[in-house]
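Each chain, written out:
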Amino acid sequence: DLQLLMRIVQEQPPIIDTARRVFRLPEGAIFCWGDTLYNPSGNLIDFPTMKHEETHSKQQGNDPDKWWQRYFTDNNFRKGQELEAYRVQYKEAQKLIKDRNALFRYVLRIAGDFASEMYGLNMSKGEALNLIKQ
């Protein structure tokens with residue numbers, strides 16, 4: 001289903017100051033706050049990534065502020081929330097990318113994102129890959 005449930009704005013999210021303090025944000029980082037996707041860089045967002053962000057929107061429910069507070073302070077919570085979202089992203093990519101090698105390159109790239117220092121989860125790209133593909 002190609003229906004997107006979020007509006008996209010080219011602005012900084014309400015939690016940008018805390019996010020910058022807590023994480024080393026990569027260039028082009030995007031943020032979900034409720035049903036809004038903050039895309040300050042204005043970069044194009046592929047469909048599987050949109051589904052990843054929609055997963056965060058659902059996780060946040062009616063209280064994105066509370067979700068973000070926990071996300072910033074609880075590594076296990078953050079890991080679980082991201083794992084769910086990365087698995088959704090991979091499943092969506094599987095539907096769209098029919099070339100085996102291209103799909104592997106895609107999942108390798110998102111595993112690298114999941115394992116990156118931005119999330120502070122101290123895991124290898126291989127561990128991230130295995131978790132996503134489970």
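Residues numbered from 1 in each chain as written. Predicted model: local features only at pLDDT ≥ 70, side-chain atom pairs only at ≥ 80, totals over all residues. Heavy atoms only, no water.

Caption draft 1: Region of interest: the sheet that holds strand S2 (residues 31-33). The strand order S1-S3-S2 describes an open sheet built from three strands, whose pairing is mixed. Each edge of the open sheet carries a strand with a single partner, namely strand S1 (7-9) and S2. In this sheet, neighbouring strand axes are inclined to one another by 30° on average, regardless of whether the strands run parallel or antiparallel. Two strands pair when backbone bridges link them, and S1 and strand S3 (residues 36-38) are joined in this way by three bridges, in the parallel orientation. Bridge pairing links Ile8 to Leu37 in S3. In the packing of helix H2 (residues 47-60) onto the sheet, the strands contacted are S1, S2 and S3, and the crossing angle to S2 comes to about 35°. (Pairing = 2+ DSSP bridges. Helix = DSSP H or I, 4+ residues; strand = E, 2+ residues; numbered from the N terminus. Axes fitted to C-alpha atoms, helices over the stretch in contact; angles between N-to-C directions. Contact = heavy atoms within 4.5 Å.)

Caption draft 2: Looking closely at the packing of helix H4 (residues 75-96) against helix H6 (residues 125-133). Packing of H4 against H6 brings their axes to within 8 Å, and their N-to-C directions diverge by 65°. Judged on the interaxial angle alone, H6 and H4 are roughly perpendicular. The crossing of H4 and H6 is right-handed. Of the residues in H6, those touching H4 at Lys79, Leu83, Tyr86, Arg87 and Tyr90 are Leu131, Ile132 and Lys133. In the contact of H4 with H6, the residues fall into five nonpolar, no polar and three charged. (Parallel < 35°, antiparallel > 145°, perpendicular 65-115°, else oblique. Left-handed = near helix turned anticlockwise from the far one by under 90°. Nonpolar A, V, L, I, M, F, W, Y, C, P; charged D, E, K, R; others polar.)

Caption draft 3: Summary view of the environment of Glu54. In this structure, Glu54 sits in helix H2. Judged by its relative accessible area of 3%, Glu54 is buried. Put simply, Glu54 and Ala85 are 31 residues apart on the chain and 8.3 Å apart in space, counted from C-alpha to C-alpha. A polar atom in the side chain of Glu54 sits 3.1 Å from the side chain of Lys51. (Buried < 20%, exposed > 50% of the residue type's maximum accessible area, 1.4 Å probe, protein only. Polar contact = N/O pair within 3.5 Å; in protein donor to acceptor, adjacent residues only side chain to side chain.)

Caption draft 4: Geometry of the packing of aromatic side chains. For the structure shown, the criterion picks out eleven aromatic pairs. Where Trp68 meets Phe72, the ring centres are 5.2 Å apart and the plane angle is 40°; that geometry is what we call tilted. Placement of the pair is Trp68 and Phe72 together in helix H3 (residues 64-73), with a separation of four residues, close to one helical turn. In terms of burial, Trp68 and Phe72 fall into one category: buried. Through a chain of ring-to-ring contacts, the aromatic side chains of Phe23, Phe31, Trp67, Trp68, Tyr71, Phe72 and Phe77 assemble into a single cluster. The aromatic ring of Tyr71 is capped on one face by Arg78, whose charged end is 5.8 Å from the ring centroid. A cation sits over an aromatic face here: Arg109 above Tyr106, 5.0 Å from the ring centre. (Phe/Tyr/Trp six-rings, centres within 6.5 Å; stacked < 30°, edge-to-face > 60°. Lys NZ or Arg CZ within 6 Å of the ring centre and 35° of its normal.)

Any link to function would need more than the numbers given here.
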